Amino acid sequence: MKSSLFLICSTAMVITITIAFVNNFSDNNQSTIAQSDLNNMQKNTTSSTTFTSNSSGYQRGTVSFSAANLSQPHLLKIETSATKLSGKIVVNGKVVKNLNNKTTEIDLSPYLSVGEHKVEISANYTPATSPIKVELNAPNSNVTQQTSGNGILNYQLDITVR
């Protein structure tokens, strides 16, 4: 009886170790594939995008553009289903557009040149549960960020033009 009990425990341990080994192998394989896909995407595009967000409603993104495409529109669009929206779009410290409609669109191209740029969008909206979407459509790049929940939008987009 003792030996069969030991055999059952021993078998259970082998299964546990095997599962842990398979899980580790599987996780490593997935991250390698994801990294490979990311590397391929970066080689085939002229822009990259990163977003960060936290619970205070502040969001931040970065994007890179080619200076060769600045003659084409780089459209920034803010859209919401909120009944009231009040805010502004600031480019490099200068207010370029006030937000007071459910949909606002602006071409950022005239404000961009080779170098670093900061686009800040700040707004209040009601009801707070309404979704609000920030979208940037530019050559070789389409970036969308959506949020809802607190009635405040604080978004910064750092743009590098090369």
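Quick look at the structure, then.

What counts as what
Residues numbered from 1 in each chain as written. Predicted model: local features only at pLDDT ≥ 70, side-chain atom pairs only at ≥ 80, totals over all residues. Heavy atoms only, no water. Helix = DSSP H or I, 4+ residues; strand = E, 2+ residues; numbered from the N terminus. Buried < 20%, exposed > 50% of the residue type's maximum accessible area, 1.4 Å probe, protein only. Contact = heavy atoms within 4.5 Å. Polar contact = N/O pair within 3.5 Å; in protein donor to acceptor, adjacent residues only side chain to side chain. Core = buried A, V, L, I, M, F, W, Y, C linked by side-chain atoms within 4.5 Å.

### What about the overall build of the protein?
Working step 1: The number of helices and strands found in the protein is 1 helix and 10 strands.
Working step 2: Starting at the N terminus and ending at the C terminus, the protein contains elements arranged as α-β-β-β-β-β-β-β-β-β-β.
Working step 3: Here the protein holds 162 residues, and 31% of them are scored as buried.
Working step 4: By sequence separation, contacts in the protein at least 24 residues apart represent 66% of the contacts at least 6 residues apart.

### Some points on the side chain of Glu 135
Working step 1: By the secondary structure assignment, Glu 135 is in strand 8 (residues 132-138).
Working step 2: Within the structure, Glu 135 has its side chain in polar contact with the side chain of Asn 137 (distance 3.4 Å).
Working step 3: If we skip the residues at most four places from it in the chain, Glu 135 touches Leu 75, Leu 76, Lys 77, Asn 142, Val 143 and Thr 144.

### Digging into the nonpolar core
Working step 1: Core analysis: the biggest nonpolar cluster contains 28 residues, and Leu 76, Ile 89, Leu 108, Val 119, Ile 121 and Ile 159 have the highest contact counts within it.
Working step 2: Taken together, the elements giving at least two residues each to this core come down to strand 2 (58-65), strand 3 (75-80), strand 4 (84-91), strand 5 (94-99), strand 7 (115-126), strand 8 and strand 10 (152-161).
Working step 3: Broken down by element, this core gets its largest block of residues, 5 residues, from strand 10.
Working step 4: For Val 119, the residues in contact, after removing those within four places along its chain, are Leu 76, Ile 89, Val 90, Val 91, Leu 108, Tyr 155, Gln 156, Leu 157 and Ile 159.

Remember, this is a structural readout, not a statement about activity or role.
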